[in-house]
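# Secondary and tertiary structure notes
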Amino acid sequence: MKILVATDKPFAKVAVDGIRKEIEAAGYELVLLEKYGEKAKLLEAVKDVDAVIIRSDVVDAEVLDAAKQLKIVVRAGAGYDNVDLAAATAHNVCVMNTPGQNSNAVAELAFGMMVMAVRNMYNGTSGTELKGKKLGIHAFGNVGRNVARIAKGFGMEIYAYDAFCPKEVIEKDGVKAVDSVEELYATCNVVSLHIPATPETKESINYDLVNRMPKNGVLVNTARKEVIHEADLIRLLNDRADLKYVTDIMPAHHAEFAEQFAGRYFSTPKKMGAQTAEANINAGIAAAKQIVGFLKDGCEKFRVNK
Ligand code: 3PG
């Protein structure tokens, strides 16, 4: 059996070594395709493999068509909006993610970006502190929970909204569960996004919602660019010079944001949330173990397609 690790944004070497150990211990062969850039290289690499480990790499119908032996794709990470689930099911390919394995890394980066924003992008002027401020966690999944844990150390007042998580679960973590997404934005000085990219969430972070934020509000995005209504956010940042936007996912209209909102907009050049050795090791090795479990014992835990 051949297991391909196809990561345009490579894992840390130590994580690749760990993945290799798992794969080889199971008697399988590891094939590595990193920084491949063009899709053609991925199409060539998947031809004769039985399993693939990916990150944000796109696995669509074309890739699945090319992968004649493929049985399983594991997205080493949380969001699987980069995989065409229906096409995978049609090709009889199991798709899994590795929930929770990189959440601390993403949550820590959210705080790195928050501090950067409230300290005026480190431009030498007096900023403000996070202590005593109201933090809104938009969606209380694995990353949201880690954000709540870290926010306690900062001395923030923590609020959360999650359309699918019961209020009692949120409040058990010492977080105030608000009744609506509108209330979250109207209440909080800083809102940190942790929603997945789905047809329902697409462009849901719009003018009306973000405009509810109090003066000097900061919106932090370590989730997905697709959830932002970019035209609305540009319009709003023009209307309200007090707001800031910091993101780990470069917007499609990055040049416009950078040009118009210097000093209150920041984007990482490449998504960095899960880019730590620890997250790479945790998610990568979990992915390798899930593949071995699936191929050897038919274990489908963490399967995300029907
Ligand atoms: C995730 O969904 O797990 C994160 O967004 C990290 O994505 P990455 O593995 O592409 O960095």
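Just so it is clear, the model here is predicted, and its values are computed rather than measured.

## What to know about the sheet that holds strand E1 (residues 2-7)
Overall, parallel pairing links the 5 strands, which are arranged E2-E1-E3-E4-E5 in an open sheet. With one partner strand each, in any of the chains shown, strand E2 (29-34) and strand E5 (94-97) form the two edges of the open sheet. Put simply, the sheet's adjacent strands are angled 20 degrees from each other on average, direction ignored. Of the pairings in the sheet, the one linking E1 to strand E3 (residues 51-54) comprises 4 bridges and is parallel in character. When the sheet's bridge partners are listed, alanine 6 is paired in E3 with isoleucine 54. Each of E1, E2 and E3 is contacted by helix H1 (residues 13-25), which is oriented at about 155 degrees to E2, the strand it contacts most. Strand contacts of helix H12 (residues 277-297): E1, E3, strand E4 (72-75) and E5, with the helix running at about 160 degrees to E4, the strand carrying the most contacts.

## Thoughts on unusual backbone geometry
Notably, asparagine 120 is not glycine yet its phi reads approximately 50 degrees, a positive angle. Tracing the backbone through its elements, the reader meets asparagine 120 in the loop between helix H5 (103-118) and strand E6 (134-138). Positive phi, close to 95 degrees, is recorded for alanine 139, a residue that is not glycine. Inspection of the secondary structure assignment puts alanine 139 in the loop between E6 and helix H6 (142-154).

## Some remarks on the pattern of salt bridges
A complete count under the given rule lists 15 salt bridges for this structure. Put simply, lysine 39 and glutamate 62 hold a salt bridge, and the shortest N to O gap is 2.7 Å. A residue pair is termed long-range when its members are at least 10 positions apart, and lysine 39 in helix H2 (residues 39-45) and glutamate 62 in helix H3 (residues 61-66) qualify at 23 residues. Assessed through its relative accessible area of 42%, glutamate 62 is described here as partly exposed. Of the charged contacts in the structure, one is a salt bridge between lysine 167 and aspartate 179, with a shortest N-O distance of 2.5 Å. One end of the pair, lysine 167, is in helix H7 (residues 167-172); the other, aspartate 179, is in the loop between strand E8 (176-177) and helix H8 (181-187), and 12 residues separate them in sequence. Look at the salt bridges and you will find they share partners, linking Lys39, Asp60 and Glu62 into a network.

## Topic: the pairing of strand E10 (residues 218-221)
Both faces of E10 are covered, namely the face carrying Val218 and Val220 and the face carrying Leu219 and Asn221. With 4 bridges connecting them, E10 and strand E11 (residues 244-247) associate as parallel partners. In the sheet register, valine 218 faces E11, and the bridge partner there is lysine 244. Crossover connection from E10 via helix H10 (residues 230-239) to parallel E11: handedness right-handed.

## Considering the pairing of E2
Pairing between E1 and E2: 6 bridges, direction parallel. Bridge pairing in E2 places alanine 6 opposite leucine 33.

## Considerations on the domain arrangement of the protein
How big an interface is tends to be expressed through the accessible area that disappears when the partners come together. Per the domain assignment, the segments of the protein are domain 1 (2-101 + 275-297) and domain 2 (103-267). For domain 1 versus domain 2, the distance between C-alpha centres works out to 30 Å. Taken residue by residue, the interface counts 8 residues in domain 1 and 5 residues in domain 2. Summing the contributions of domain 1 and of domain 2, the shared interface buries around 470 Å²; its carbon and sulfur component is 44%. When the buried surface of domain 1 facing domain 2 is broken down by residue, Asp81, Gly100 and Thr276 rank first, second and third, together holding 65% of it. Linking domain 1 with domain 2 are 1 salt bridge. Of the charged contacts in the structure, one is a salt bridge between aspartate 81 and arginine 224, with a shortest N-O distance of 3.1 Å. The interface formed by domain 1 and domain 2 contains 2 residue pairs in polar contact (both at pLDDT 80 or more).

## Focus on the sheet that holds E8
Spatial strand order, E8-E7-E6-E9-E10-E11-E12: 7 strands in an open sheet with parallel pairing. With one partner strand each, in any of the chains shown, E8 and strand E12 (265-267) form the two edges of the open sheet. Inspection of the sheet shows E11 paired to E12 by 3 bridges, in the parallel sense. Along E12, the bridge assignment pairs valine 246 with phenylalanine 266. The strands touched by H5 are E6, strand E9 (190-193), E10, E11 and E12; relative to E10, the strand with the most contacts, the crossing angle is about 150 degrees.

## Side note on the site of the ligand
What surrounds the ligand is the set Lys9, Arg55, Ser56, Arg75, Gly77, Ala78, Gly79, Asn102, Arg224, Lys271 and Ala274. A distance of 2.9 Å separates an oxygen atom of the ligand from a polar side-chain atom of arginine 55. For the ligand, an oxygen atom lies 2.8 Å from a polar atom in the backbone of glycine 79.

## Re the packing of H1 against H12
Following both chains from N to C, one finds H1 and H12 inclined at 15 degrees, their axes separated by 8 Å at the closest point. On the basis of their axis angle, the class for H1 and H12 is roughly parallel. H12 is crossed by H1, and the crossing has right-handed handedness. When H1 is examined against H12, the residues Val14, Ala15, Gly18, Ile19, Glu22 and Ile23 are found in contact with a partner set consisting of Ala277, Asn280, Ile281, Gly284, Ile285, Ala288, Lys289 and Val292. Per-class residue counts for the contact of H1 with H12 are 9 nonpolar, 3 polar and 2 charged.

Cut-offs and rules
Residues numbered from 1 in each chain as written. Predicted model: local features only at pLDDT ≥ 70, side-chain atom pairs only at ≥ 80, totals over all residues. Heavy atoms only, no water. Pairing = 2+ DSSP bridges. Helix = DSSP H or I, 4+ residues; strand = E, 2+ residues; numbered from the N terminus. Axes fitted to C-alpha atoms, helices over the stretch in contact; angles between N-to-C directions. Contact = heavy atoms within 4.5 Å. Salt bridge = Lys/Arg side-chain N within 4 Å of Asp/Glu carboxyl O. Buried < 20%, exposed > 50% of the residue type's maximum accessible area, 1.4 Å probe, protein only. Right-handed = clockwise from strand over helix to strand, strands pointing away. Domains from an automatic or database assignment. Buried area = accessible area lost by both parts, 1.4 Å probe. Polar contact = N/O pair within 3.5 Å; in protein donor to acceptor, adjacent residues only side chain to side chain. Near = heavy atom within 4 Å. Parallel < 35°, antiparallel > 145°, perpendicular 65-115°, else oblique. Left-handed = near helix turned anticlockwise from the far one by under 90°. Nonpolar A, V, L, I, M, F, W, Y, C, P; charged D, E, K, R; others polar.

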